[in-house]
Amino acid sequence: MAILIAMGSESSCVQVDVLCNVVRKGHASTPSFNKQVHIDYLEAGADIIITASYQATLQGFENKGYSLEESENLLRKSVEIALEARKRYYSRCVEAVNDQNLDDRILNQRPILVAASVGSYGAYLADGSEYSGDYGDAMDLEFLKNFHRRRVRILADAGPDLIAFETVPNKLEAQAFAQLIEEEELNIPAWLSFNSKDGVNVVSGDSLSDCVAVAESTNKIVAVGINCTPHRFISDLILSIKKQNYRIRRDFVNDPNTLKKRLMIVGFALLFLSSFLVIFMLVYLFLRHAEQFYIIQLQLRPVDGQISLNGCPLMYIVIA
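You'll find the chain entered in an unreviewed UniProt entry as Hcy-binding domain-containing protein, with Castilleja foliolosa given as the organism.

This is the structure we're talking about:
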């Protein structure tokens, strides 16, 4: 099944500022503009829309003069905008039933997921390190987990369907995300998306296979992918992941209608087979306790005042 994901330049060009009502690159970066970008991608056929929170961090907002409460609300707002866009799109699908002028828009009721975007530490630094994976020799696992912890918690609690950890440039940060998911006991799945500049390893030089193996450490990471990578490398990188036999859980992207039909088929099958099960149990019980129903009295002859068969004293022989 092909899954289209909305990751367009219109959305990425606004990122944090879309929540702060400023103007960038000629666009009025307001929540309404960002919502319309989401809707545009849904009408183009996207199955997953990603929140404009890739570079949105509590630390970054603080540097811009926002309070902690304001910063947390801005993170929540990025998810709310995407959820509102999905709701509005579904409303348009209903309205489109009698609309004969749809142009090229795709308006059909289908499962649509909202992914809360979490960029790497390098994306916060905005110094290009998200494309090199070089955070310095002093960087450690605990620092990265603590940097992302509150941000991930807020986004997860805001109501998205999953968390999208994007442009992960090294194995260390992949480990931080995987451990953070478990430590925070997130109740939604996540995916890890790496970037590469040579078509073999991630940008830090860490082995892609080693990075993918990190995803296997938790069953809450349901998919692994590639982003922000030259197109000529994508096919080989995906094949490399596939050869590693990464076990992708697909339950969170299944069509609910298909699942409902399958459950109905299973239900009817069980109902049909239940009659045979009852018959089988009756036959089993009958054979298991046959001695209680059939006792054959043999023609016995008395020997020395006792009833015996071939010299063995007895009264009856039971045929089981």
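Still to come is the rest of the account.
A. Summary view of the overall build of the chain. When helices and strands are counted, the chain shows ten helices and eleven strands. By residue count, 41% of the 320 residues in the chain fall in the buried class. Across the chain, every contact between residues at least 6 apart in sequence was considered, and the portion connecting residues at least 24 apart equals 73%. Carbon together with sulfur atoms contributes 56% to the accessible area of the chain, which is approximately 18300 Å² in total.

B. Representation of helix H9 (residues 231-243) within the structure. Considered for burial, the residues of H9 that qualify are Phe233, Leu237 and Ile241. Relative to the axis of H9, the buried residues are bounded by an arc of 70 degrees and lie together on one face. Facing away from the buried side of H9 by more than 90 degrees, the exposed set consists of Arg232, Asp236, Lys242 and Lys243. Tucked inside the fold, the buried residues of H9 contact helix H8 (208-215) and strand S8 (221-226).

C. Representation of helix H6 (residues 141-157) in the model. In a regular helix each residue adds 1.5 Å, so 17 residues correspond to 24 Å; H6 covers 24 Å between its end C-alpha atoms and thus fits that length. Along H6, the largest kink reaches about 40 degrees and is centred on Arg149. For H6, every residue scored as buried is listed here: Leu141, Leu144, Lys145, Phe147, His148, Arg151, Val152, Arg153, Ile154, Leu155 and Ala156. Against the buried residues of H6 lie helix H3 (58-63), helix H4 (68-95), strand S5 (113-118), helix H5 (121-125), strand S6 (162-168) and helix H7 (171-183). Near the N-terminus of H6, the side chain that reaches the backbone nitrogen of Glu142, with its oxygen 3.3 Å away, is that of Asp140. Positive backbone phi, at 105 degrees, marks Gly159, one or two positions downstream of H6.

D. Representation of unusual backbone geometry in the model. Despite not being glycine, Ala126 shows a phi value in the positive range, around 55 degrees. Structurally, Ala126 can be placed in the loop between H5 and H6. Here Ala126 falls in the exposed class, since its relative accessible area comes to 57%. Of note in this structure, Thr167 is not a glycine but carries a positive phi near 50 degrees. Mapped onto the secondary structure, Thr167 falls in strand S6.

E. Geometry of the environment of Ala116. Relative to the assigned elements, Ala116 resides in strand S5. C-alpha separation for the pair Ala116 and Ile163, spaced 47 residues apart in sequence, amounts to 4.8 Å. If near-sequence neighbours (up to four positions away) are discounted, Ala116 is found in contact with Thr51, Ser53, Val79, Leu155, Pro160, Leu162, Ile163 and Ala164.

F. How the structure looks around the side chain of Arg86. Summarising the element assignment, Arg86 is placed in helix H4. Residue classification places Arg86 among the buried residues on the basis of a relative accessible area of 16%. In terms of polar contacts, Arg86 uses its side chain to reach the backbone carbonyl oxygen of Ile112, at 2.7 Å. In this view, Arg86 contacts Leu42, Ile112, Leu113, Val114 and Asp161; residues no more than four positions away in its chain are not counted.

G. Highlighting the side chain of Arg110. Mapped onto the secondary structure, Arg110 falls in the loop between H4 and S5. Residue Arg110 is classed as buried on the basis of its relative accessible area of 12%. Leaving out residues up to four positions away in the same chain, Arg110 has contacts with Leu42, Gly45, Ala46, Asp47, Tyr89 and Tyr90.

H. View of the pairing of S5. The element S5 is extensively covered by neighbouring structure, given that six of its six residues are classed as buried. As defined by bridge partners, strand S4 (residues 48-50) adjoins S5 across three bridges and the pair is classed as parallel. In the sheet register, Ile49 faces S5, and the bridge partner there is Val114. Pairing of S5 with S6, which is carried by four bridges, proceeds in the parallel orientation. Paired with Ala116 across the two strands is Ile163, which belongs to S6.

Rules and cut-offs
Residues numbered from 1 in each chain as written. Predicted model: local features only at pLDDT ≥ 70, side-chain atom pairs only at ≥ 80, totals over all residues. Heavy atoms only, no water. Helix = DSSP H or I, 4+ residues; strand = E, 2+ residues; numbered from the N terminus. Buried < 20%, exposed > 50% of the residue type's maximum accessible area, 1.4 Å probe, protein only. Contact = heavy atoms within 4.5 Å. Areas by Shrake-Rupley, 256 points an atom, 1.4 Å probe, with all protein chains shown as cover. Arc of directions from axis to C-beta. Expected span 1.5 Å × (residues − 1). Bend = angle between axes of the 7 residues up to and from the residue. Polar contact = N/O pair within 3.5 Å; in protein donor to acceptor, adjacent residues only side chain to side chain. Pairing = 2+ DSSP bridges.

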